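Single-letter residue listing:
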Amino acid sequence: MSSRPSAAGATVELEGLTKRYPGGARPAVDRVGMEIGAGETVVLVGPPGCGKSTVLKMVNRLVEPSEGRVRIDGRDVARTDPVRLRRRIGYVVRGGGLFPHLTVAQNVALVPRMLGEPADRVRARVEEVLDLVGLDPGAFHDRRPHRLSDGQRLRVGLARALAADPPVLLMDEPFGAVDPTTRSRLQDELVRLRREPRRTIVLATRDVEEAVKLGDRVAVLGEHARVAQFDTPEAVLVHPADAFVSGFAGAGAALKRLGLARVRDVEITDCPTATVDDPPRYVLDRLCADGTEEILVLDRWGRPRTWLGRGDLLRAGGSPARAGRPVRSTVTRDATLRDALEAVLADRAGRVVVTGRRGAYEGVVGVETLMDSVRELLEAGRLEALEARYGLEELRADRTYAAQEGVGGEARA
Ligand SMILES: Nc1ncnc2c1ncn2[C@@H]1O[C@H](COP(=O)(O)OP(=O)(O)OP(=O)(O)O)[C@@H](O)[C@H]1O
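Anyway, here's the lowdown on the structure attached to this text. What you see is a predicted model; the values in this text were computed from it and never measured.

**Observations concerning helix H12 (residues 280-289)**
Now for step 1: All of the buried residues along H12 are Val283, Leu284 and Leu287. Across the axial projection of H12, the buried residues extend over an arc of 100°, all falling on one side. Opposite the buried face of H12, at more than 90 degrees from it, the exposed residues are Arg281 and Ala289.
Now for step 2: Residues of H12 that are buried sit in contact with strand S11 (273-275), strand S12 (294-298), strand S13 (304-309) and helix H13 (310-315).
Now for step 3: Two residues or fewer past H12, glycine 291 is found with a positive phi of approximately 55°.

Have a look at this one:
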């Protein structure tokens, strides 16, 4: 590991931040104010063109404000040399924004090199951050961006942004260009990455579910980046501040709340497993001994590969490597219950496999566990709707009445 001190994040304050682009009749960003705590992840969410990118670019001075200021750790960024400033602020854009003529390692090494770090330290750091974002340094080091998938390009972009261990990370619609499955996996990894070390992350997106999944707090922006609500994801979904927020974020709030709960919050159990190299006799014995319909076959690196039933094994002439139904979707502990439900539906196994780093098997979550959580969330949503309708006091009175009388507990009409 690197010997550099861990970033603990820095505060980011926006004060009366305004941008008028030449020729624009109204400001693109109009008097935005926001205080972001050190180590906090804040997601700016709003419709296309509402000014999210412009706000981010004023933080790292790619765009100069017409009025107002940005302070990082209390220091006005207008008084900081922009180049030095940007070395302390990682910036990730849609698609990764890599230099096409440089290799992966050269792209990632850019900032530490500019900071004048010795070559051996830079090399070690490149390996470290590639590993951190889930890319095998040996396999990717010398590749050029055109030989990467969209998801891999974004991982390299993230590695580059993290290479100098900046206390602040700006992410502008980073997951916009990747397919939904990769997006959800990368979002999970961001949840993991932001924990250690803590850094301040400001991420812009149009996607409310992404905002709810990733943000400690969510800022819902309207036209000209007006801050319609700046609050916890739960509050934005359950108590939208006005009609704009409820129209933008509130529809289907009960289901969106599934995006608030994580796989790690529910019970993860073990399931019978075998590896591709296990002798067929052993696999059959396990299937019989456990009285289970299916066994999960792992590859040599412990990654889930197929669900295998007795019939599959017999049909494939006994080789676990060739038989079974491929595991299509897996989730990590940081995935939301919504992702997990989608994975269960995609895999038709009645459960979803939970994987850890580098995709290794850690356990499974059953569909019943997921359905119980859905029921609880819907129940909570219904209760809140009732509370809003009858008023808290009345409902409390009803509950007391119900408890005293020993009746079901429904509110009186
Ligand atoms: N360099 C520029 N010159 C003139 N107008 C611009 C410039 N950059 C952005 N704008 C305008 O400012 C407004 C806000 O743009 P911005 O890109 O910040 O919005 P956004 O919310 O990030 O949009 P999207 O979600 O589509 O990326 C838009 O009306 C856009 O057309």
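**Observations regarding the sheet that holds strand S4 (residues 67-72)**
Two orientations exist for strands paired in a sheet by backbone hydrogen bonds: parallel and antiparallel.
Now for step 1: Read from one edge of the open sheet, 4 strands run S2-S1-S4-S5, paired in antiparallel fashion. The two strands at the open ends of the sheet, each matched to only one other strand, are strand S2 (29-36) and strand S5 (75-76).
Now for step 2: Taken strand by strand, helix H1 (residues 52-59) contacts strand S1 (12-19), S2 and S4, and its axis lies near 120° from that of S1.

**Some points on the site of the ligand**
Now for step 1: The full set of residues close to the ligand is Tyr21, Ala28, Pro47, Pro48, Gly49, Cys50, Gly51, Lys52, Ser53, Thr54, Glu173 and Arg206.
Now for step 2: Interatomic distance of 3.4 Å between a side-chain N/O atom of tyrosine 21 and a nitrogen atom of the ligand.
Now for step 3: Here an oxygen atom of the ligand and a backbone polar atom of glycine 49 are 2.8 Å apart.
Now for step 4: Out of a free accessible area of 630 Å², the ligand has 57% covered by protein chains.
Now for step 5: Of the residues contributing to the shell around the ligand, the split by class is 5 nonpolar, 4 polar and 3 charged.

Criteria and cut-off values
- Residues numbered from 1 in each chain as written.
- Predicted model: local features only at pLDDT ≥ 70, side-chain atom pairs only at ≥ 80, totals over all residues.
- Heavy atoms only, no water.
- Buried < 20%, exposed > 50% of the residue type's maximum accessible area, 1.4 Å probe, protein only.
- Helix = DSSP H or I, 4+ residues; strand = E, 2+ residues; numbered from the N terminus.
- Arc of directions from axis to C-beta.
- Contact = heavy atoms within 4.5 Å.
- Pairing = 2+ DSSP bridges.
- Axes fitted to C-alpha atoms, helices over the stretch in contact; angles between N-to-C directions.
- Near = heavy atom within 4 Å.
- Polar contact = N/O pair within 3.5 Å; in protein donor to acceptor, adjacent residues only side chain to side chain.
- Areas by Shrake-Rupley, 256 points an atom, 1.4 Å probe, with all protein chains shown as cover.
- Nonpolar A, V, L, I, M, F, W, Y, C, P; charged D, E, K, R; others polar.

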